[in-house]
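Descriptive analysis of the structure
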Amino acid sequence: MKESWNEKNFKSSSETKTEEYKLILLNDNVNSFDNVIQNLVRICGFDYERAEQCTLLTHLKGKYNIMSGNIHTLTELHEQLKRNNIQTKIEKK
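Presented here is an overview of the structure given in this document. The structure displayed is predicted, hence computed values, not measured ones. (Residues numbered from 1 in each chain as written. Predicted model: local features only at pLDDT ≥ 70, side-chain atom pairs only at ≥ 80, totals over all residues. Heavy atoms only, no water.)

Another point: the packing of aromatic side chains. Summed over the entire model, instances satisfying the criterion amount to 0 aromatic pairs. Note that arginine 50 overlies the ring of phenylalanine 46, its terminal NZ or CZ placed 3.9 Å from the centroid. (Phe/Tyr/Trp six-rings, centres within 6.5 Å; stacked < 30°, edge-to-face > 60°. Lys NZ or Arg CZ within 6 Å of the ring centre and 35° of its normal.)

Written as structure tokens, this is what we have:
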């Protein structure tokens, strides 16, 4: 028997697909490399090498996508980094 179309079974793409966002580290002339690295390790949970690479790439390119994920997680990290004077922004992928 064929199943009839039922709106209850329909989920819009916005309900089933979570939006992906990216957290972008911005270069500044205020923070030292060591300070940025320490904050990325402490706040984002990066190992030292990853934090160092992100910091160097940010310095060279002016900005660098350090993490992707859902808006809630990235907003929390963004706020914590901001409280420590590390400049970031969140963009939709």
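Moving on to the nonpolar core. Formed by 17 residues in total, the largest nonpolar core has its most connected members in Leu23, Leu40, Cys44, Phe46, Ile66, Met67 and Leu81. Sorting the residues of this core by element identifies β1 (21–26), α2 (33–44), α3 (48–61), β2 (63–69) and α4 (71–83) as the ones contributing at least two each. It is α2 that provides the largest number of residues to this core, a total of 5 residues. Not counting the four nearest positions on each side in its chain, leucine 23 is found in contact with Tyr64, Asn65, Ile66, Met67, Leu74, Leu77, His78, Leu81, Thr88, Lys89 and Ile90. (Core = buried A, V, L, I, M, F, W, Y, C linked by side-chain atoms within 4.5 Å. Buried < 20%, exposed > 50% of the residue type's maximum accessible area, 1.4 Å probe, protein only. Helix = DSSP H or I, 4+ residues; strand = E, 2+ residues; numbered from the N terminus. Contact = heavy atoms within 4.5 Å.)

α3 packs onto α2 with a crossing angle of 130° between their chain directions and a minimal axis gap of 9 Å. As judged from the angle between their axes, α2 and α3 are oblique. Seen from above, α2 lies across α3 with right-handed handedness. Of α3, the residues touching α2 (which contributes Phe33, Asp34, Val36, Ile37, Leu40 and Val41) are Tyr48, Ala51, Glu52, Cys54, Thr55, Leu56 and His59. Broken down by class, the residue content of the contact of α2 with α3 amounts to 9 nonpolar, 2 polar and 2 charged. (Axes fitted to C-alpha atoms, helices over the stretch in contact; angles between N-to-C directions. Parallel < 35°, antiparallel > 145°, perpendicular 65-115°, else oblique. Left-handed = near helix turned anticlockwise from the far one by under 90°. Nonpolar A, V, L, I, M, F, W, Y, C, P; charged D, E, K, R; others polar.)

It is worth spelling out the environment of serine 68 at this point. Checked against the element boundaries, serine 68 lands in strand β2. Residue class for serine 68 comes out partly exposed when judged on its relative accessible area of 34%. Taking the C-alpha atoms as reference points, serine 68 and isoleucine 24, 44 residues apart in sequence, are found 8.9 Å from one another. With residues up to four places along the chain from it excluded, the contact list for serine 68 reads Glu20, Tyr21, Lys22, Leu74 and Lys93. Side chain to side chain, serine 68 and lysine 93 meet in a polar contact 3.4 Å long. (Polar contact = N/O pair within 3.5 Å; in protein donor to acceptor, adjacent residues only side chain to side chain.)

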